[in-house]
Amino acid sequence: SGEGVWDWNYQTGEALFSPRWKRMIGYDEGEIGNRFSEWSNRVHPEDLPALKAAIQEHIQGRTAFAAMEYRMQCKDGRWLWMLGRGMIVSRDAEGRPLRLVGTNADISERKAAADQIEYLAFYDSLTGLPNRRLMLDRLEQALSSSARHGRKGALMLLDMDDFKTLNDTLGHDVGDQFLIEVARRLHTSIGEGDTVARVGGDEFVVILEDLKDDTLVAMQAEDVALKVLHAVSETYQLDLSTGEGRKGLHSYHCTSSLGITLFHGNAVSVEELMKRADTAM
């Protein structure tokens, strides 16, 4: 099966680990001892409490077997995702567990594939920013938070002017460079708790939360908008070597259009806010 096998004496703490178990985390036969700590000491600190809880759930008879996905540190320092399964195979006369036996399977490839699928579902693959789906979810959360705490927020819609011409004249690779740099500038122009997302080809959204001063909330939003517009209007140095038959750097200037709508609570829907920001733009 390719899985590593372990056999644990629950009363003494002694454990046996198969050669495959040791090889999965980069150790030779003689480099792993015969204590349970050889396993538990290599489990990621964030995952260890849940692993121990899963074992206790099984020991107390609440589950048919113990199963847990967790990270385990290899000899070279890497963290490997494991699926551990085990069950009690013998108890004493009072019903206390004497021995547990189980397996460990390397699920790193599966976890990486799942993480990639999740990333593609919620993030823009070019810029790394949240995509429309994740942006709408965060906007819903922002409205709910605004309703709970009574603070105002703002939604900004930004469109890079004449982007199609850049793509048509210098090529999509150069256009991609431009969008990546726009994303970077936007990200550095907003606060830590705010969101910037790419929702279309050259269309970006900024969500500002917790604008504290009710009387000046529009001015606060406008200040951020002016900072954003200034950041994206600075000259871009685009590498032409990514396209065919061109070399060197190309200085590019771009204007942009930006619309703002404010929100307070969740009385206005996400869809309506998007319409208002688009109208403002």
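Model, not experiment: these values are computed from the prediction. (Residues numbered from 1 in each chain as written. Predicted model: local features only at pLDDT ≥ 70, side-chain atom pairs only at ≥ 80, totals over all residues. Heavy atoms only, no water.)

### Looking at the overall build of the protein
- Helix and strand content of the protein: 9 helices and 11 strands.
- Considering the protein as a whole, with its 281 residues, one finds that 41% of them fall into the buried category.
- Contacts spanning at least 24 positions in sequence make up 57% of the contacts within the protein whose residues lie at least 6 apart.
- Carbon and sulfur atoms make up 50% of the accessible area of the protein, which totals about 15200 Å². (Helix = DSSP H or I, 4+ residues; strand = E, 2+ residues; numbered from the N terminus. Buried < 20%, exposed > 50% of the residue type's maximum accessible area, 1.4 Å probe, protein only. Contact = heavy atoms within 4.5 Å. Areas by Shrake-Rupley, 256 points an atom, 1.4 Å probe, with all protein chains shown as cover.)

### Observations regarding the pairing of strand β5 (residues 97–106)
- In terms of strand pairing, strand β1 (residues 4–9) meets β5 through 6 bridges, oriented antiparallel. Paired with Trp-8 across the two strands is Leu-100, which belongs to β5.
- Inspection of the sheet shows strand β4 (residues 79–91) paired to β5 by 9 bridges, in the antiparallel sense. Within β5, the position partnered with Ile-88 by the bridge is Leu-100.
- Counting the residues in the hairpin turn of β4 and β5 gives 5 residues, including Gly-95, whose phi is positive at 90°. (Pairing = 2+ DSSP bridges.)

### Comments concerning the nonpolar core
- Core analysis: the biggest nonpolar cluster contains 31 residues, and Leu-158, Met-160, Phe-178, Val-182, Leu-186, Phe-204 and Tyr-236 have the highest contact counts within it.
- The contacts of Tyr-236, once residues within four sequence positions are left out, are Met-160, Phe-178, Glu-181, Val-182, Arg-185, His-250, Ser-251, Tyr-252 and Cys-254.
- Grouped together as the second largest cluster of nonpolar side chains are 25 residues, Trp-39, Leu-48, Leu-51 and Met-68 included. (Core = buried A, V, L, I, M, F, W, Y, C linked by side-chain atoms within 4.5 Å.)

### Digging into the pattern of salt bridges
- Considering all chains together, one arrives at 18 salt bridges under this definition.
- Ionic pairing is found between Glu-46 and Arg-71, a salt bridge with its closest N-O pair at 3.2 Å. Placement of the pair is Glu-46 in the loop between α2 (37–40) and α3 (48–59) and Arg-71 in strand β3 (residues 66–73), with a sequence separation of 25 residues.
- We note a salt bridge from Lys-164 to Asp-168, for which the minimum N-O separation is 2.8 Å. Placement of both Lys-164 and Asp-168 in helix α6 (residues 163–170) is noted, with a separation of 4 residues, approximately one turn of the helix. The burial state of Lys-164 is the same as that of Asp-168; both residues are exposed.
- Bridged by salt links that share partners, the residues Glu-46, Asp-47 and Arg-71 form one connected network. (Salt bridge = Lys/Arg side-chain N within 4 Å of Asp/Glu carboxyl O.)

### As for the sheet that holds strand β11 (residues 256–264)
- Ordered in space as β7-β8-β6-β11, the 4 strands form an open sheet in which the pairing is antiparallel. Each of the sheet's edge strands pairs with one partner strand only, and the pair in question is β7 (195–198) and β11. Neighbour to neighbour, the strand axes of the sheet diverge by 15° on average, direction disregarded.
- When strand β6 (residues 152–160) meets β11, the two strands line up antiparallel, connected through 9 bridges. Across the sheet, residue Asp-159 finds its bridge partner in β11, namely Ser-257.
- Helix α7 (residues 172–189) rests against β6, β7 and β8 (203–211) of the sheet, and its axis sits at about 5° to β8.
- Contacting β6, β8 and β11, helix α8 (residues 217–233) crosses the sheet at an angle of about 155° to β11. (Axes fitted to C-alpha atoms, helices over the stretch in contact; angles between N-to-C directions.)

### Some details on the sheet that holds strand β2 (residues 15–17)
- Strand order in the open sheet formed by 5 strands is β2-β1-β5-β4-β3, with antiparallel pairing between adjacent strands. Single-partner strands in this sheet number two, and they are β2 and β3. Pairwise comparison of adjacent strand axes, ignoring direction, gives a mean angle of 25° for this sheet.
- Against the sheet, α3 touches β1, β3, β4 and β5, its axis set at about 155° to β3.
- Seen against the sheet, helix α4 (residues 108–122) touches β3, β4 and β5 and runs at an angle of roughly 125° to β4.

### Things to note about the pairing of strand β9 (residues 236–239)
- What you see with β9 is a clean split: Tyr-236 and Leu-238 sit on the buried side and Gln-237 and Asp-239 on the side with no burial.
- Bridge count between β9 and strand β10 (residues 249–252): 4 bridges; the pairing is antiparallel. By the bridge assignment, Asp-239 is partnered in β10 with Leu-249.

### Here we look at empty space enclosed by the protein
- According to the stated counting rule, one finds 2 cavities of 30 Å³ or more in the structure shown.
- Estimates place the volume of the largest cavity at around 80 Å³.
- Lining the largest cavity, in full, are Trp-6, Trp-39, Leu-51, Ala-54, Ile-55, Ala-66, Ala-67, Met-68, Gly-84, Arg-85, Gly-86 and Leu-100.
- Going through the elements one at a time, α3, β3 and β4 are the ones with two or more residues in the lining of the largest cavity.
- Within this model, the second largest cavity holds a volume of roughly 40 Å³.
- What lines the second largest cavity is simply Ala-142, Ser-145, Ser-146, Arg-151, Lys-152, Gly-153, Leu-208, Glu-209, Asp-210 and Phe-263.
- Those elements that place two or more of their residues in the lining of the second largest cavity are α5 (132–149), β6 and β8.
- Taken together, the residues of the lining of the second largest cavity sort by class into 3 nonpolar, 3 polar and 4 charged. (1 Å grid on protein atoms, 1.4 Å probe; cavity = no way out; pocket = protein on both sides within 12 Å on 5 of 7 lines; lining within 4 Å. Points joined across faces, edges and corners; volume = space filled by probe spheres on them. Nonpolar A, V, L, I, M, F, W, Y, C, P; charged D, E, K, R; others polar.)

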